[in-house]
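Okay, here's what each chain looks like letter by letter:
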Amino acid sequence: MPDHVANQIAAGEVVQRPASVVKELLENAIDAGADQITLVIKNAGKTLIQVIDNGSGMNAVDARLCFARHATSKIKQADDLFQLQTKGFRGEALASIAAIAHVSLKTKIATAEQGVRLVIEGSACTKEEAIVMNSGTTVTVKNLFYNIPARRNFLKGDHIELKHIIEEFQRVALAHHAIAFKMVHNEADLFHVLASNRRQRIVAILGAKTNEKLVPVHEETEIVTVQGFVLKPEFAKKSRGDQYFFVNDRFIKSPYLNHAIAAAFEGLIKPGYHPGYVLYLSVPPQTIDINIHPTKTEIKFEEEKSIYALLRATIKHGLGQFNIAPVIDFDRDATLETPYAYAQKPGSMPTIEVDPGFNPFANPESKAYSQRSAPSEREPSWSSLYVGLKAEEDFQSIEFESDEVTGQLFDTLEDPAPKICFQIQNKYVITSLKNGLIVVHQNLAHRRILYERFLRRITMQDGVSQQILFPQEFALSAAQTLTAQNIMESMDSMGFVYKMNSDGIILEALPLGVPQHEAKDIILSLLDNEDQQDPQEGFSQLDVMARALAKHMAIKSGQILAAEAQEHLINELFACKEPSISPENRPTFVTLDSSDFDKKFN
Ligand code: ADP
Ligand code: MG
């Protein structure tokens, strides 16, 4: 078989799509010790993929050799195979890429006066020249699969191929926080991250909103060091989108260890949801086997069972530390109060017809909002999480809201005397009940109210938007433009009507009630939110947008509310279909009854 045919066949294993090339080139740059790496992409990699690094570079001889199959510089003897610290070691990436694309290489080592430039076509070097350049390497890959039309036609649309590339880029950038990365697509900067610590890197790559979601975990033992973050349970998703697992700085898929992480979250997230995490394991290289898969994202550990147990315990501990406050502590995160009966319900889109005759206060026979649902089912996992941290009885007093709710709570509001509402910390609205108090989280409650209102408008399609007198134009990044185009239709049915232009959008109409001076902010946050959403998550785009819009427009914590506004908020909340939880499944209110007070005075 001629060499170039063998290369083409082998290439198929290494290079499935533009993103595979990106991965190999980025990893080579890292192996070369670069601390600044730039990725340049055109047309989702179909036209151009270029990686520029400031690493070790190659001398002219190595530069010529590196395109030969098995030309790795990383394994000199069999023993090396068991001590791998580098990403690549098979020595076939560059050979494979050169077999199916037009490749050029520029490279210079620090001690050389000049660098060298090579052009490779059909696996053969067609040009070699000396050039002036900085130390490092630039690999340019053009016209991927130019000689295999079947493969080229098999590529997906630009949007999808670009997503894959971004995914590879993100994995590499997350694994190497001390390296500065830049990614440019069609002349627009998609990412530009400087050397930083791990937390900053995660936030820079996964989005500013990630910061508040992170719970640190840390453990060091002889067999493994675990570092990184898990996402708070409330941010669990139906998809596995936010799961990043690195072993010795390499992105890895490990269903087994993923299971350990899920086990640590047991009882804290709804069935069918997956926890998010960015975890970094370090293990001695000779105790792992990463050579079991051509794309090398799977791994075998010698000490699999111990690592499983350790990972699970470490994460449980991390989660426990982040929230050990019992009972009602106004500053704590509401995550752990998510009602569990709700978890059993299928994630259906809330229906929105509103019964105008519905009076939340009119049914004294039915169960109280605050009634607990099947506490025995929940408590074992709760208490096990907190064993040794807090007295068991503290957990008995956590108030869970059930979703099987209706009136009794409010029967006293039938009382002709007007109820007095008041605000504390400009954050909670409190009013009295026959038997105690209700504490409403003003922001979360308002999100629920707005969310149901938006859904209602969307489904009824009634007079959702108001035209803007002078269409408002604003520029977007390339990534934002892509998203804006994709969600145009859904935006339209929400009431945001816009046209695309060359560098952004022209806004023509807004949903009723959205002030024009906030329009840009809102749209940007919707685009941002959409980007963080996983399409497989199962929520409809409209639902996701209604949640995001509600979140953006809701009364904030810290906002002073007039007495009537407080009362209005409570009334509107209890006219909702699901008043007890926010669109993000956090409780919107808690109740305290006299027995809670009795305990305090014991
Ligand atoms: P592998 O990474 O598995 O060794 P590759 O085909 O990816 O195989 O690369 C072949 C060789 O080319 C590497 O072993 C390395 O010596 C050299 N090389 C590739 N890219 C670079 C780079 N960006 N800087 C310096 N050397 C490189
Ligand atoms: Mg390599």
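Residues numbered from 1 in each chain as written. Chains lettered and ligands numbered in written order. Predicted model: local features only at pLDDT ≥ 70, side-chain atom pairs only at ≥ 80, totals over all residues. Heavy atoms only, no water.

Quick notes on the packing of aromatic side chains
One pass over the full model with this rule turns up 9 aromatic pairs. Relative to Phe-246, the ring of Tyr-244 has its centre 6.5 Å away and its plane inclined at 5°; by these criteria the two rings are stacked. Of the two residues examined, Tyr-244 and Phe-246, each falls in the buried class. Members of the aromatic cluster, joined through ring pairs, are Tyr-244, Phe-246, Phe-251 and Tyr-280. The residue whose ring lies beneath Lys-156 is Phe-154, and the NZ or CZ to ring-centre distance is 5.9 Å. (Phe/Tyr/Trp six-rings, centres within 6.5 Å; stacked < 30°, edge-to-face > 60°. Buried < 20%, exposed > 50% of the residue type's maximum accessible area, 1.4 Å probe, protein only. Lys NZ or Arg CZ within 6 Å of the ring centre and 35° of its normal.)

Examining helix α17 (residues 541-553)
Across its 13 residues, α17 extends 18 Å between first and last C-alpha, which sits within 8% of the 18 Å expected from 1.5 Å per residue. Here α17 has its buried residues at Asp-543, Val-544, Met-545, Ala-546, Arg-547, Ala-548, Leu-549 and Ala-550. (Helix = DSSP H or I, 4+ residues; strand = E, 2+ residues; numbered from the N terminus. Expected span 1.5 Å × (residues − 1).)

Things to note about the confidence of the model for the protein
When pLDDT is averaged across the protein, the result is 79; 75% of the residues are at 70 or more. Across residues 324-358, where pLDDT falls below 50, the model places 80 contacts with residues more than four positions away in sequence or in other chains. Contacts for the low-pLDDT stretch residues 360-417, under 50 throughout, to residues beyond four places or in other chains number 106 contacts. (pLDDT = per-residue confidence, 0-100. Contact = heavy atoms within 4.5 Å.)

Topic: the nonpolar core
The nonpolar side chains of a soluble globular protein tend to be buried with one another. Counting residues in each nonpolar core, the largest one holds 63 residues, and the members touching the most others are Leu-39 and Met-183. Ranked by residues supplied to this core, first place goes to helix α6 (residues 158-175) with 8 residues. When residues are assigned to domains, this core turns out to be shared by domain 1 (3-193) and domain 2 (198-321), each giving three or more. Filtering out sequence-adjacent residues up to four positions away, Met-183 remains in contact with Leu-39, Ile-41, Leu-162, Ile-165, Ile-166, Phe-169, Ala-188, Asp-189, Leu-190 and Phe-191. Core analysis: the second largest hydrophobic core is formed by 32 residues, Phe-245, Tyr-277, Ile-290 and Ile-315 among them. (Core = buried A, V, L, I, M, F, W, Y, C linked by side-chain atoms within 4.5 Å. Domains from an automatic or database assignment.)

Looking at the packing of helix α2 (residues 18-31) against α6
At a minimum axis separation of 8 Å, α2 and α6 run at an interaxial angle of 20°. The orientation of α2 with respect to α6, classified from their angle, is roughly parallel. Of the two possible hands of crossing, α2 and α6 adopt the one that is right-handed. Taken together, the residues of α6 that come into contact with α2 (itself represented by Pro-18, Ala-19, Val-22, Lys-23, Leu-26 and Ile-30) are Glu-161, His-164, Ile-165, Glu-168, Phe-169 and Val-172. Residue composition of the contact of α2 with α6, by class: 8 nonpolar, 1 polar and 3 charged. (Axes fitted to C-alpha atoms, helices over the stretch in contact; angles between N-to-C directions. Parallel < 35°, antiparallel > 145°, perpendicular 65-115°, else oblique. Left-handed = near helix turned anticlockwise from the far one by under 90°. Nonpolar A, V, L, I, M, F, W, Y, C, P; charged D, E, K, R; others polar.)

Description of the sheet that holds strand β4 (residues 115-121)
Reading across from one edge, β5-β4-β3-β6-β2-β1-β7-β8 is the order of the 8 strands in this open sheet, with mixed pairing throughout. Unpaired on one side and paired on the other, β5 (124-131) and β8 (188-193) mark the two borders of the sheet. The sheet shows a mean angle of 10° between the axes of neighbouring strands, direction not considered. In this structure, strand β1 (residues 36-42) lies alongside strand β2 (residues 48-53), joined through 6 bridges in antiparallel fashion. Note that in β2 the partner of Val-40 across the bridge is Gln-50. Strand contacts of helix α7 (residues 198-206): β7 (180-185) and β8, with the helix running at about 165° to β8, the strand carrying the most contacts. (Pairing = 2+ DSSP bridges.)

Some details on the sheet that holds strand β10 (residues 225-231)
An order of β9-β10-β13-β11-β12 is seen for the 5 strands of this open sheet, with the pairing classed as mixed. Here the strands that pair on one side only, and so sit at the sheet edges, are β9 (214-220) and β12 (250-251). The sheet contact formed by strand β11 (residues 243-247) and strand β13 (residues 277-282) spans 5 bridges and is parallel. For Gln-243, the partnering residue across the bridge sits in β13 and is Tyr-277. In the packing of helix α8 (residues 255-264) onto the sheet, the strands contacted are β11 and β13, and the crossing angle to β13 comes to about 120°.

Section: the environment of Met-491
Residue position: Met-491 is located in helix α15 (residues 488-494). It is 8.0 Å that separates the C-alpha atoms of Met-491 and Leu-542, two residues lying 51 residues apart in sequence. Not counting residues within four places of it along the chain, the set of residues in contact with Met-491 comprises Phe-496, Tyr-498, Ile-523, Leu-526 and Met-545.

Considerations on the pattern of salt bridges
Following the criterion strictly, the structure yields 18 salt bridges and no others. Measuring nitrogen to oxygen at the nearest pair gives 2.9 Å for the salt bridge that ties Arg-117 to Glu-129. Linking Arg-117 in strand β4 with Glu-129 in strand β5, this pair joins segments that are 12 residues apart in sequence. Residue classification places Arg-117 among the partly exposed residues on the basis of a relative accessible area of 25%. Residue Arg-198 is joined to Asp-249 by a salt bridge in which the shortest nitrogen-to-oxygen separation is 3.9 Å. Pair noted here: Arg-198 is in helix α7 and Asp-249 is in the loop between β11 and β12, with a separation of 51 residues, a long-range link. Given a relative accessible area of 18%, Arg-198 falls into the buried group. (Salt bridge = Lys/Arg side-chain N within 4 Å of Asp/Glu carboxyl O.)

What about the pairing of strand β20 (residues 497-501)?
For β20 and strand β21 (residues 504-511), the ladder comprises 5 bridges, and the chain directions are antiparallel. In the strand pairing of β21, Val-497 is matched with Ala-509. Where β20 folds back on β21, the antiparallel hairpin that results is connected by 2 residues.

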